[in-house]
Amino acid sequence: MDKRKVINAYRRGFITIQECGQILGIEDIRLNRMVQDSVENLTEDIKPSGRFTLNSSKAE
């Protein structure tokens, strides 16, 4: 099973953190870090790339 799907199921409340760890076969400390990393990656994907600005004074 894809780890991202299991973590998403936990984040959506379908399974507990213990069930998530059991499915992935990892312990609590490592599991907490993995969930934290997935949230950080998610927020990085949402951030604007900085290529375009909304209030640019130059019209091109």
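Everything discussed here concerns the structure shown above.
Computed from a prediction, not measured in an experiment: that's the story for all the values here. All residue numbers here refer to positions counted from 1 along the written sequence of the relevant chain. Two thresholds apply to this predicted model, a pLDDT of at least 70 for residue-level local features and 80 or more for giving and counting side-chain atom pairs, whereas whole-chain, interface and lining totals are computed over all residues. Side-chain calculation: all heavy atoms of the structure are included, whereas hydrogens and water are not.

**Quick word on helix α2 (residues 17-24)**
Exposure is judged per residue with a 1.4 Å probe applied to protein chains only, and the accessible area is read against the type maximum: over 50% gives exposed, under 20% gives buried, and values in between give partly exposed. A run of H or I in DSSP counts as a helix once it spans at least four residues, and a run of E counts as a strand once it spans at least two, with each numbered from the N terminus. Of all the residues in α2, the buried ones are I17, C20, G21 and L24. Along the long axis of α2, the arc covered by the buried residues comes to 95°, so they all point the same way. Away from the buried face of α2 by more than 90 degrees, exposed residues Q18 and Q22 are located. At the C-terminal side of α2, G25 shows a positive phi close to 75°. Relevant arc is that of directions from the helix axis to the C-beta atoms, nothing else.

**Regarding the pattern of salt bridges**
By convention in these notes, a salt bridge is any Lys or Arg side-chain nitrogen within 4 Å of a carboxyl oxygen on Asp or Glu. Inspection of the entire model under this criterion finds two salt bridges. Across the salt bridge formed by R4 and D2, the nearest N and O atoms sit 3.2 Å from each other. Its relative accessible area of 60% is what places R4 among the exposed residues. On the basis of relative accessible area, D2 is assigned to the partly exposed category, the value being 30%. In this structure, R33 and D37 form a salt bridge, with 3.2 Å as the shortest nitrogen-oxygen distance. A residue pair is termed a helical-turn pair when its members lie 3 or 4 positions apart in one helix, as R33 and D37 do in helix α3 (residues 28-46) at four residues. On the basis of relative accessibility, which here comes to 44%, the residue R33 falls in the partly exposed class. D37 sits in the partly exposed class, given a relative accessible area of 27%.

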